[in-house]
Amino acid sequence: MPYVAPITVEEALLAMGDGAMRVVAGCTDYFPSRKAGEGEPTLLDLTRVRALRGISETPQGWRIGATSTWTDILRAPLPPAFDALKLAAREVGSVQIQNLGTLAGNLCNASPAADGVPPLLALEAEVEIAARGSTRRIPLSRFITGVRSTDLQPGEIVTALHIPSPPDGTRSAFLKLGSRRYLVISIAMVAVNLTLRDGRIGDARVAVGACSPVATRLPALEAALDGVAVCDLADDTLVTEAHLAPLSPLDDVRGSASFRLHSVAELCRRAIRKAVGQEACHG
Amino acid sequence: MDSVVLDPAIRFMLNGEDVTVTPFPGERLSQVLRERLGARDVKIGCNAGDCGACSVLVDGENVCACLMMAQQAQGRSVETVAGLMAGDDLHARALEQRFQDHGAAQCGICTPGMVVSAVALLRACPAPDEEAVKEALAGVLCRCTGYRKIIDAVLDRPAMPDEAGGGAGASIRRLDGRAKLAGSEQFGDDVAAAGTLEIALVRSPYPRAAFEIGDTQAFLRDNAGIETILTANDVPGENRFGVIPAFADQPVFAERVARFRGEAVAAVVGSPEAIRVFDPERFPVTWTVLDAVTDVEAALAGGAPQLHEGRDGNVMCGGFVTCGDAEAALARADIVVESRTGSGFVEHAYIEPEAGYAEMVDGRVEIHACTQAPVMDREAMEIILGMDARDIRIVPTGVGGGFGSKLDISVQPYLALGTIKTGRPVRITLSRTESMQSTTKRHPSDIRLRIGAMKDGRISGFDFRGDFDTGAYASWGPTVANRVPVHASGPYRIGDYRAEARGIHTNCPPAGAFRGFGVPQSAIAQETLFDALAEKLGMDPLDFRLVNALEDGEPTVCGQIFRQGVGITACLEALRPGWEAEREAAAAFNRDSAGPLRRGVGIAAGWYGCGNTSLPNPSTIKAGVTAQGRIRLHQGAMDIGQGANTVIAQIFATALGVPTSSLDLVGADTDVTPDAGKTSASRQTFVSGNAARLCGEALRAQLLRAVNASPAATIEPGDNTIAFVDGERTHSIPLHTLEPDAEGYVFLAAETYDPPTKPLDANGQGIPYAQFGYAAQIAVVEVDTALGTIRPIRFIAAHDVGKAINPMLVEGQIQGGIAQGLGMALMEEYIPGRTENLHDYLIPTIGDVPPIESIIVEVPDEHGPYGVKGLGEHVLIPTAPAILNAIHHACGVRLSAVPATPSRLSAAIREDRR
C-alpha cells in the first residue's frame, strides 16, 4: 500500500495508523528534497480530501483548510488584515509553486525562511490538528518548534488554520528581502498587522522570518509601538536593538548575521510605515 | 473502514486525448509525460521547481510537472506546449508567431515553459501590462535571452522581422525557430527511447579523498536490473582527456584519489527501474578523506598537497605580456591607483543539464549528446576508447545552452563505455546537482592591478597580476591564463604594460571556458580602476576612456597594429548622448530624493579577440546541389542558441545569390558534415561565416561556369532544375540529367577559412587574433543604501560587430550577455557543497533584467565576411564593471569583489560611513 489517497479526514487518519506514512499534498517541498535512490515512502496524499481545502468565514474569524493553496489565498475575498498573507503568497516561489503548494505544507515543512509564517503569526493563527478520535488547536507560535520540526505527533495531521477575527480596521503589510526579484529564498522578511485610531497605532503585531530558527514576533517592539503617533513614524529610532532581541540570525550564503539584523530593523520600519499607509499626519 | 487506495492506473486527458497509464507511487507527472506518454516537449531542467521549463497546464492552472505527483492528474486535463501549438489555442498560435518575430527563443529549452506560462496569463488576462507578464513568467528561468524579447513577444510589441529569404544584414526569423516553439527540437535527453538502459555515476562526496572500490560482483548480484559497472578498468584507451592536448589531465573515472567533490569514480548501467532505486551511497566504495586545498591561497601555501605531478606548487601555467617599461612609467606618472579585486566560481546554469544517448551501429559507436564541439568530442573519444575516428560518430542534439561548458566532454565517455560494454543502447542525463558539481565553471580570480596616469589623462604604466583558480583539472585554464594578459589592457593604448596571469590548481571543480575566458574578471579590475583614476584626475569617466581609446594604426599591448577596424571610439561616442542624459537624470533624482534610494550611472568598455589565440583555427563549410534542385548547406557550426544555423546560412545564401529560405540545412553530424570548429571564442560568425562565404562563392562560380553565365547572373533554384537570369539571357541546368555523387549531389563545394595570426613571443608580442570586436555599456542602477540592494533600471549597450548579419540576433546576444554579466555582478557565486541547485545558486529572473537599449555599431573588419566581427563574448565583458561603477556613482562605495550581494554592499556602506 505505497500510495493512499483518502477522500475524508477520517479515512486519512485511519490510513495514518502509527504515522509511518509520509503525508503529501502540493509536493513542492517533497520532490525537491528527494535524493537519488532514496527508498519510496508510503505516501498519504491529502489532495482528494475535499474538507481540507477551502477558505471560509466563521463566527470567530476565518478558517483556512490545510490544503488550501497559495493561489486559493490570493483569490479569496479576505479583509485587509490578510494583506500581508496575500503579499507573502505572491512571493512563494512562482505561480507554478503557488498553484500547488499548500499553507499547511509550508508550516509542516518548518523552514526558518517559510514565507507564510510571519503573516500568519501576525494574524495570531491557530493550527487545528486531528488525530483518531480527537482534535486539538494550538497557536502557530507553538506549532513550529525548531528548524524542520513541529509539534505534530505520530498519527496526527494538520486539518486547518484558524484566524481569530482581526481587530476592526486592521491594516497589514509584508516585506521580503532577497538577492533577486522572484523565486528567491528570503534573507529576511517582516509582516506587520496594526490598527490606527486617532492617528495612533494600536494592536501592533510584528513578526520576522529567516532571522531565527523559527519565525517569531517581536513583543517589545509591538509594545513600544502601542500608541505611537503616525507623525512619529519617520523617527529612525523607532526600532531598537533591544526590540530585536528575540532574533538570532545566522551567517549563510544569503547574508551575514549582522546584515540580517541591520536590514531587519529597516524592514520593520518600512513595513510599519507601509501598513500605516497614506494616513496623514495631523500633528 | 478501509482507506481508499487509488487504482494504480490513472486516466486523464493529455492535450485533448484520453490516456491511461500506471505510474509508480509518487512518480512525477513530468516523468509520466516524457517517458510513458512520449511528451518530450516537456523539458526537465532542475526537477525542483526552480527553472519552470517543465511547466504544463493542469485544468488550466500552470504547474511544474516535476513537482506534481502523477496520481494527482487523475481525471484532469493536462496541456503541454506541443498540444497547445498543435491545437487551436489562439493564444498559443499567436505566441508562436510573436516569439519567432522577436527572436524570443534562443536555445529553446525554456521556451515550452515560457509559452505555457504565457498562455495561462493570456487566457486570464488578454491584454496584460509588463508587470503582469513578469509575474506570470517569473517561474521560468532563461539563461540565453535576458528575457526582454520574451516580454516584448508576450506583450505583442511591434516586431519587424525581415522577409524569410533575407541574406546578410536582414533580421530574418531563426531558421530553426519553429521546432523550438513547438517543443519538437530534440535536446540531449530527448533522443533515447523510453526503457533504454540508463547510466548513473558514483561521485566523490569529498573535495579530496582516496578510495577503494569493493566487491562489485556482489553488488551486481544483489541489485537486480543493474547490468554492469564501469570503472577506470573499463577504459580501453587512455583514462585521460582534456581540451588542450598538452594539458590533458582529467580521468574519465578517478583512479585511487578523487580530486574534487563530484568527480566520478564509477558508473552503474541498468534498467530505468533499477537506476531509479540505485543509491550511490550503497555502492561498494570506501573513502579516506584527505586534506584538500579549496582556494588559491591554500593551494599556493608551502606544504600544500600537490594535485598533479609536474605542476609544482599547484601552478598549472601562466601567461605573460609586456611592452615598454611599466615600472618606469608608473614611477613617472602623476597619479597611481591600485586595487585588489576578486570573484568566485560562476556556474553556466544553462537550463539543459548534460544529457545524451549512445548505441552501437554496425560496430561503430554513435553518440548523440549536447555539445559545442562535435569534432573535439570525437578526438577525445578516440583517445579514451582507443578507437579509430572512423568508428566513432558524434551526432549533436539540440543544445539547451552552452556558454563554454559544453566545449568539454561530460557524458560522452560514459555513454560510449556503457554501450560498448553492454552492446545495448544507453542514455544518461545529469541531475542539476551533478551538472553543477562536475562540469566546468568560470575561474575565480584574485587580481592586483596598478595603473598610472599623467595629468592630461593619458595612461602611464599598467601592472597586472592575476591568479585564477582553475580547479582540479586544466580544462581551458591555460587559455584563460593566455588570454587574460592579452586582453587585460582593455581596448586602450597603453605603451608601458606588464600583465601576468596564472592558473592555480585547487580541489574544486575544474574551471574552464565561460563566455570571455577570464576577460570578464580582468575587465572588472581594469574598468573599475579606470573609474578610480578618472575620479582622481577629475575627469569624466567617458572622456577619460576616449582619451586612451585605441585607434587604427596604434599598437595594442601585443604590438599588433590594426590599420583598420578599431571600433572602440565609435562605441564610446555612440554612448555619449545616453551617458549625458542619464548622468543628468541621476543627479536630479538624487537631488530630489531624501530617502535611502540613490541612483548611479556607470560606464565600462571591453574588447575581445575572435578565435584561437595565435593558433590555427579553421572552419570548413560544405554545400551541394541535389539532382532534385535542393541546395543543402552542411552547417557544422554548432548552434547553441546564438543563431549560427541562421547566420551562417544567411552568409552562404548571400554569397551564392539565393534566398536564405531556399536552403536545406544539414547539421553537425560528424559522418556527413565537415568540421566547422568549436562554438567558442566568438569565432563562428567570423570564421565559419568566412568559410560559408567562400563556399557560397565557389558553388556560385561552378554553377555560372556550367552555363557560361556572367558573374552578374541571378540564380533561381527550382524543382529538378536551376535557372539563371543573365541580363537578357536565361539559362537552366536540368539537374536530373546529371550523375549525382555518393551523397546525391550534382554540384558540390567545400571551402575552409583559417584566420591569419602569428605566435606570441616570450613577451607576448605578436599577432594573437585577426580581429577584435569592441563594446561599451552604460548601466543605470538604483541602490537602496539602507538595505544594500541594487536594482539595475536600464542598460545602453554599444557593440561594434563590424557588420550585423542579423540585427535581431545581435540584439539577442547583447541582451542575453548583459543578463549574465548582471548575474555575475550581483548574485552568482558557486560554492561547492553549498550552492549546488538553482534555488541556492541564483541567476537573474525575468524581474531582474531591465530594459536594454542596443546600439549596433558597424566598423567593418577587413577579414570578416562582409565586415563581420565576433560578438558572443563581448556582450558580457563590460556589464559587471559598468554595474560596479554605477554602484560607486550612486553611493560612493567601490566594491572589491563580486557578486555585490545586498549583504556585501550593506557591509561596505556601513564600513564607509564609519
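All values derive from a computational prediction rather than experimental measurement.

Colleague: How should the environment of Leu-238 of chain A be read in this particular structure?
Modeller: Residues and elements named next belong to chain A. Structurally, the position occupied by Leu-238 is in the loop between α8 (219–225) and α9 (257–276). With a relative accessible area of 11%, Leu-238 lands in the buried category. Between the C-alpha atoms of Leu-238 and Gly-155, which are 83 residues apart in sequence, the distance is 46 Å. Those residues in contact with Leu-238, other than ones at most four positions away along the chain, are Leu-221, Leu-225, Val-228, Asp-232, Leu-233, His-243, Arg-269 and Ile-272.

Colleague: Could you clarify how one ought to interpret the interface of chain A and chain B in this entry?
Modeller: Buried accessible area, meaning the area lost when the parts come together, often serves as the stated size of an interface. With 56 residues of chain A at the contact, the number on the chain B side is 63 residues. On the surface where chain A and chain B come into contact, there are 4 salt bridges. With a shortest N-O distance of 2.6 Å, Asp-784 of chain B and Arg-270 of chain A are connected by a salt bridge. Between the two partners, chain A and chain B, sit 15 residue pairs in polar contact (both at pLDDT 80 or more). Looking at the side of chain A that touches chain B, the elements with two or more residues in it are β1 (3–4), α1 (9–16), β3 (43–45), α4 (95–100) and α9 of chain A. No other element matches α9 of chain A, which puts 7 residues into the side of chain A that touches chain B. For the side of chain A that touches chain B, the residue count by class is 29 nonpolar, 15 polar and 12 charged.

Colleague: What's the story with the sheet that holds strand β2 (residues 22–24) of chain A in this structure? I'm lost.
Modeller: For sheets, the rule is that strands pair by backbone hydrogen bonds, running either parallel or antiparallel. Residues and elements named next belong to chain A. Strand order in this open sheet of 3 strands is β1-β3-β2, and the pairing throughout is parallel. Strands with a single pairing partner mark the edges of an open sheet, and in this sheet they are β1 and β2. Relative to β3, β1 runs parallel, the two being bridged by 2 bridges. If you follow Tyr-3 over to β3, its bridge partner there is Leu-43.

Colleague: Please explain the confidence of the model for chain B as it appears in this structure.
Modeller: Reading fine detail from the predicted coordinates is not recommended where pLDDT is low. Looking at chain B as a whole, the pLDDT averages 97, with 99% of positions reaching at least 70. Two numbers describe this predicted complex: its pTM, 0.98, and its ipTM, 0.97.

Colleague: I would appreciate a short explanation of unusual backbone geometry in the present structure.
Modeller: With the exception of glycine, most residues fall at negative phi, and the peptide bonds are largely trans. All names here are of chain B. Cis geometry marks the peptide bond from Val-898 to Pro-899, where omega comes out at 0 degrees. Mapped onto the elements, Pro-899 comes out in the loop between α22 (879–891) and α23 (902–913). A positive phi angle, close to 50 degrees, is found at Asp-59, a residue other than glycine. Locating Asp-59 in the fold gives a position in the loop between β3 (55–58) and β4 (61–64). The exposure class of Asp-59 is partly exposed, given its relative accessible area of 45%. Although it is not a glycine, Asn-720 adopts a positive phi angle of roughly 60 degrees. Within the secondary structure, Asn-720 is located in the loop between β25 (714–718) and β26 (721–726).

Colleague: Just checking my understanding: could you explain the packing of aromatic side chains for this structure?
Modeller: Pairs of aromatic rings are described using the distance from one ring centre to the other and the angle between the two planes. Residue and element names in this part refer to chain B. With the rule as written, the count across this model stands at 16 aromatic pairs over all chains. The interplanar angle of 75 degrees and the centroid separation of 6.2 Å between the aromatic rings of Phe-260 and Tyr-473 together place this pair among those described as edge-to-face. Of this pair, Phe-260 sits in the loop between β9 (257–258) and β10 (264–270) while Tyr-473 sits in the loop between β19 (459–471) and α15 (477–487), and the two are 213 residues apart along the sequence. Each ring, one from Trp-476 and one from Phe-517, has its centre 5.8 Å from the other, and the planes form 70 degrees; the classification is edge-to-face. Within this pair, whereas Trp-476 is found in the loop between β19 and α15, its partner Phe-517 is found in the loop between β20 (497–505) and α16 (519–537), the two being separated by 41 residues in sequence. Trp-476 gets classed as buried once you look at its relative accessible area, which sits at 6%. Lying over the aromatic face of Tyr-830, Lys-441 brings its terminal NZ or CZ to 4.9 Å of the ring centre. Above the face of the Phe-514 ring, Arg-442 is positioned so that its terminal group lies 4.4 Å from the ring centre.

Cut-off values and rules
- Each residue is numbered by its place in its chain's sequence as written, counting from 1.
- The naming scheme follows written order: chains are lettered A onward, ligands numbered 1 onward.
- Note on the predicted model: pLDDT of at least 70 is required for a residue's local features to be given, and 80 or more for side-chain atom pairs to be given and counted; whole-chain, interface and lining totals, by contrast, use all residues.
- Side-chain measures were taken over the full set of non-hydrogen atoms in the model, leaving aside hydrogen atoms and water.
- Numbering of helices and strands runs from the N terminus, with a helix taken as a DSSP run of H or I at least four residues long and a strand as a DSSP run of E at least two residues long.
- Only protein chains enter the accessibility calculation, which uses a 1.4 Å probe. A residue is then buried if its area is under 20% of the maximum for its type, exposed if over 50%, and partly exposed in between.
- Throughout, a contact is declared for two residues whenever any of their heavy atoms are within 4.5 Å.
- What makes a salt bridge here is a side-chain nitrogen of Lys or Arg within 4 Å of a carboxyl oxygen of Asp or Glu, nothing more.
- As used in this structure description, the phrase polar contact means that two N or O atoms lie within 3.5 Å; if the pair is within protein, one of them must be able to donate a hydrogen and the other to accept it, and residues adjacent in sequence are counted only when both atoms belong to side chains.
- Each residue is assigned to one class: nonpolar for Ala, Val, Leu, Ile, Met, Phe, Trp, Tyr, Cys and Pro, charged for Asp, Glu, Lys and Arg, and polar for all the others, Gly among them.
- When DSSP finds at least two bridges between two strands, those strands are taken to pair.
- Along the chain, pLDDT gives the predictor's confidence residue by residue, from 0 to 100.
- For Phe, Tyr and Trp, where Trp contributes only its six-membered ring, two rings pair if their centres lie within 6.5 Å, and the inter-plane angle classes them as stacked under 30 degrees, edge-to-face over 60, or tilted in between.
- Only Lys NZ and Arg CZ are tested; either one counts as a charge over a ring when it is within 6 Å of the ring centre and within 35 degrees of the ring normal.

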